[in-house]
Amino acid sequence: MKLRILTVLAAALLAASCNTIDGGPLIRDGMPTGTIEIENQTSYTFNAVNLSECDAMSHGFNRLSSGQSIPPGGVMSWTVTAGCWDIGAGAIGVGDSFNKMQVAAGGISRFTVQ
């Protein structure tokens, strides 16, 4: 019986930690949403964007799909659950910038990287 309880607890902890590794879902069911915009005001094309809730243990994986990028002067947006978000954007091998922002329900929060 103790082994079964430990197995269930271990499985629950493993499942909970997945959100901290990948940055978690962008939208939580039934929660209000807002928008994060990332504006590239550098001379480099961004090929990496990390978005994670502030309480996640990592910045998560790249939120850009294969072949997707944000060119200089470009803007890209994501719908997310309202709340605190860690945001990172940059060019792999060149550099990146990170910021923490509050996203209001129904609002737009813009992270401009210069």
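### Focus: the overall build of the protein chain
Reasoning step 1: Check the secondary structure of the protein chain and you find one helix and six strands.
Reasoning step 2: Listed by position from the N terminus, the elements making up the protein chain come as α-β-β-β-β-β-β.
Reasoning step 3: Burial status across the protein chain gives 38% buried among its 114 residues.
Reasoning step 4: For the protein chain, contacts bridging at least 24 residues in sequence account for 69% of all contacts bridging at least 6.

### Notes on the sheet that holds strand E1 (residues 33-40)
Reasoning step 1: Spatially, three strands are ordered E3-E1-E6 in an open sheet, and the strand pairing comes out mixed. Every interior strand has two partners, whereas the edge strands, strand E3 (75-81) and strand E6 (108-113), have only one. Geometrically, the sheet is characterised by an average inter-axis angle of 20° between neighbouring strands, direction not taken into account.
Reasoning step 2: Note: E1 against E3, seven bridges, orientation antiparallel. Bridged to Glu-39 within E3 is Val-75.

### Observations concerning the confidence of the model for the protein chain
Reasoning step 1: On average, residues of the protein chain carry a pLDDT of 87, and 82% of them reach 70 or more.
Reasoning step 2: Note that pLDDT drops below 50 for residues 6-18; the model gives that stretch zero contacts with residues more than four away or on any other chain.

### Details of the pattern of salt bridges
Reasoning step 1: With the rule as written, the count across this model stands at four salt bridges.
Reasoning step 2: For the salt bridge of Glu-37 with Arg-110, the shortest nitrogen-to-oxygen distance reads 2.8 Å. In this pair, Glu-37 sits in strand E1 while Arg-110 sits in strand E6, placing the two residues 73 residues apart along the sequence.
Reasoning step 3: Relative accessible area serves as the criterion here: at 16%, Glu-37 is assigned to the buried category.
Reasoning step 4: One salt bridge in this structure joins Asp-86 and Lys-100, with 3.0 Å as the shortest N-O distance. With a gap of 14 residues between them, Asp-86 in strand E4 (residues 83-91) and Lys-100 in strand E5 (residues 95-103) connect regions that are remote in the sequence.
Reasoning step 5: Where salt bridges share partners, they join Glu-37, Glu-39 and Arg-110 into one cluster.

Conventions and cut-offs
Residues numbered from 1 in each chain as written. Predicted model: local features only at pLDDT ≥ 70, side-chain atom pairs only at ≥ 80, totals over all residues. Heavy atoms only, no water. Helix = DSSP H or I, 4+ residues; strand = E, 2+ residues; numbered from the N terminus. Buried < 20%, exposed > 50% of the residue type's maximum accessible area, 1.4 Å probe, protein only. Contact = heavy atoms within 4.5 Å. Pairing = 2+ DSSP bridges. Axes fitted to C-alpha atoms, helices over the stretch in contact; angles between N-to-C directions. pLDDT = per-residue confidence, 0-100. Salt bridge = Lys/Arg side-chain N within 4 Å of Asp/Glu carboxyl O.

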